[in-house]
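One letter stands for each residue in the lines below.
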Amino acid sequence: MSTPFGVYVHVPFCAHRCDYCAFATYADRDHLMQDYVNAVVEEIRWSVDEGQPEATSVFFGGGTPSRLSPEQLLAMLHEIPRASDCEVTVECNPEDASVERLVAYRAGGVTRMSFGVQSTQPAVLADLGRRHGTMAHAEVSRAVHEAGFATWNMDLIIGSRAETIDDVQRTLDDLLNLDFPPPHISCYALTPEPATPLGRDPSRHPDEDETADAYELVSRVLETNGYEWEEISNWAKPGHECRHNHVYWDQGDYVGFGSAAHSHQHGRRYWNVRTPERYLAMVEAGERPLGGEERLDLSTQHFERDSLALRTRRGVPVEAFDSLEEIAHLVHVENGTVTLAPEGRLLANQVIVRLRSSE
């Protein structure tokens, strides 16, 4: 079995920027697409020439990777040295999920798809600034099945002020009652980032208690239906976990390509310049597009290791804490291992700050 090594490719193009999005994405840069693909290919080749390991997982994120043609995306994928059993995931907008596109991905080496459905309820989608229709989940499910993908996921977002607890239940029912339900479901709490339309409007900020109720419902329903809790925001049927996620959660090594992409290798964290224009200019000039870096000392590495592990079902040894007295209601302790209780998952930071290595 190869040592896990991840590759992330950032695709910064979007058809439309959602109201909650603070990622390095752009809705007015499509004219840069081919030049961007060429630059990423060049950056990958530099890394390969320096001895980059074979990838055990590759993840195309963004932005919207499905804004590119399948040929453009696969041109980048084919430059990446991969292990024989490499997992390759592509994020795709529901409105882009044609059978033809998915078949082309699968024929080109993609093994897993990820779709940002967010909700199936019209008022919630409108409040989030999402463009896809309310039956997108059903269309996506049929297309994925027809294209022959064995594993894939749908993402949900909870916390919109337009969303009731009944809306959350209806969304879960819609996904679980599909002929081919997603075997992996992620659910993220809406976060009002400062520079976004959502962040600038306090009246639209999520209510913490309502978000907690929604999260508890999601957790209970998914686990009742055979999904195992993996990490604060992720549940999967056995065998359908996203291996690339575990590279991050296990503090593994990975390299990122493209504008704003982050990397981590042997305690060194580094990242590329944020804007696609600057990224292109630097690569075309033969210059590494490094935006910044930091080296983590052993104490920081150990704290981050435990912080990440605590977010997952793997948990941490009880010795990682001096005392659990103040957080006993937020955790489970079994066989010397501390994991987050369901009521503690949205309050994980209150547990993490009590890790011994944080002192």
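In this text, all values refer to a predicted model and were calculated from it rather than measured experimentally.

A.B. asks: What am I meant to see in the side chain of glutamate 87 here?
C.D. replies: Checked against the element boundaries, glutamate 87 lands in strand β3 (residues 82–92). When sequence neighbours within four positions are dropped, the list of residues in contact with glutamate 87 reads Thr56, Ser57, Val58, Thr111, Arg112, Glu241, Cys242, Arg243 and His244.

A.B. asks: Got a minute to help me understand empty space enclosed by the protein in this structure?
C.D. replies: One water molecule sets the probe size; rolling that probe over the atoms shows where empty space is left. Taken as a whole, this structure holds 1 cavity of 30 Å³ or more when the rule is applied. Taken together, Gln118, Leu156, Ile157, Ile158, Glu163, Val168, Thr171 and Leu172 make up the full set of residues lining the largest cavity. Every element with two or more residues in the lining of the largest cavity is listed here: β5 (151–158) and α6 (165–176). Split by residue class, the lining of the largest cavity holds 5 nonpolar, 2 polar and 1 charged.

A.B. asks: I would appreciate a short explanation of helix α2 (residues 70–77) in the present structure.
C.D. replies: For an α-helix, 3.6 residues make a turn, and residues three or four places apart therefore share a direction. Across the 8 residues of α2, 6 count as buried, placing the element largely inside the fold. What α2 keeps buried is the set Pro70, Gln72, Leu73, Leu74, Met76 and Leu77. On its buried face, α2 is in contact with β1 (5–11), α1 (33–49), β2 (55–62), β3 and α3 (99–107).

A.B. asks: Where do I start with a negative patch on the surface in this structure?
C.D. replies: On the surface, Glu208, Asp209, Glu210 and Asp213 cluster together into a negatively charged patch. With respect to the helices and strands, the residue aspartate 213 is situated in helix α7 (residues 208–224).

A.B. asks: Please explain the pattern of salt bridges as it appears in this structure.
C.D. replies: When the charged atoms of two side chains with opposite charge come close together, those side chains can pair. Evaluated as defined, the whole model comprises 20 salt bridges. Among the salt bridges present, the one from aspartate 30 reaches arginine 67, with a minimum N-O distance of 2.2 Å. You can see aspartate 30 sitting in the loop between β1 and α1 and its partner arginine 67 sitting in the loop between β2 and α2, a full 37 residues away along the chain. When its relative accessible area of 27% is taken as the criterion, aspartate 30 is described as partly exposed. The salt bridge involving glutamate 216 is made with arginine 220; its shortest N-O contact spans 2.5 Å. Here the residue glutamate 216 and the residue arginine 220 both occupy positions in helix α7, the gap between them amounting to 4 residues, near one helical turn. The exposure class assigned to glutamate 216 is partly exposed, which follows from its relative accessible area of 40%. Overall, the relative accessible area of 42% leaves arginine 220 in the partly exposed class. Among the charged side chains, a salt-bridge network with shared partners connects Asp19, Asp127 and Arg204.

A.B. asks: Sorry, what's going on with the packing of α1 against helix α9 (residues 276–284) here?
C.D. replies: In a pair of packed helices, the angle between the axes and the distance between the axes together describe the arrangement. Where α1 meets α9, the axes come as close as 10 Å, and the angle between the chain directions of the two elements is 50 degrees. If you check the angle between α1 and α9, you find them oblique. The chirality of how α1 crosses α9 is left-handed. Contacts from Asp35, Tyr36, Ala39, Val40, Glu42, Glu43 and Trp46 of α1 reach α9 at Pro276, Tyr279, Leu280, Val283 and Glu284. Here the residues of the contact of α1 with α9 are counted per class, giving 8 nonpolar, no polar and 4 charged.

The rules behind the values
- Residues numbered from 1 in each chain as written.
- Predicted model: local features only at pLDDT ≥ 70, side-chain atom pairs only at ≥ 80, totals over all residues.
- Heavy atoms only, no water.
- Helix = DSSP H or I, 4+ residues; strand = E, 2+ residues; numbered from the N terminus.
- Contact = heavy atoms within 4.5 Å.
- 1 Å grid on protein atoms, 1.4 Å probe; cavity = no way out; pocket = protein on both sides within 12 Å on 5 of 7 lines; lining within 4 Å.
- Points joined across faces, edges and corners; volume = space filled by probe spheres on them.
- Nonpolar A, V, L, I, M, F, W, Y, C, P; charged D, E, K, R; others polar.
- Buried < 20%, exposed > 50% of the residue type's maximum accessible area, 1.4 Å probe, protein only.
- Patch = residues over 30% accessible without salt bridge, like charges linked within 9 Å, V, L, I, M, F, W, Y side chains within 5 Å.
- Areas by Shrake-Rupley, 256 points an atom, 1.4 Å probe, with all protein chains shown as cover.
- Salt bridge = Lys/Arg side-chain N within 4 Å of Asp/Glu carboxyl O.
- Lys, Arg positive; Asp, Glu negative; His and termini not counted.
- Charge placed at Lys NZ, Arg CZ, Asp CG, Glu CD.
- Axes fitted to C-alpha atoms, helices over the stretch in contact; angles between N-to-C directions.
- Parallel < 35°, antiparallel > 145°, perpendicular 65-115°, else oblique.
- Left-handed = near helix turned anticlockwise from the far one by under 90°.

Functional significance is not addressed by these values, which are geometric in nature.
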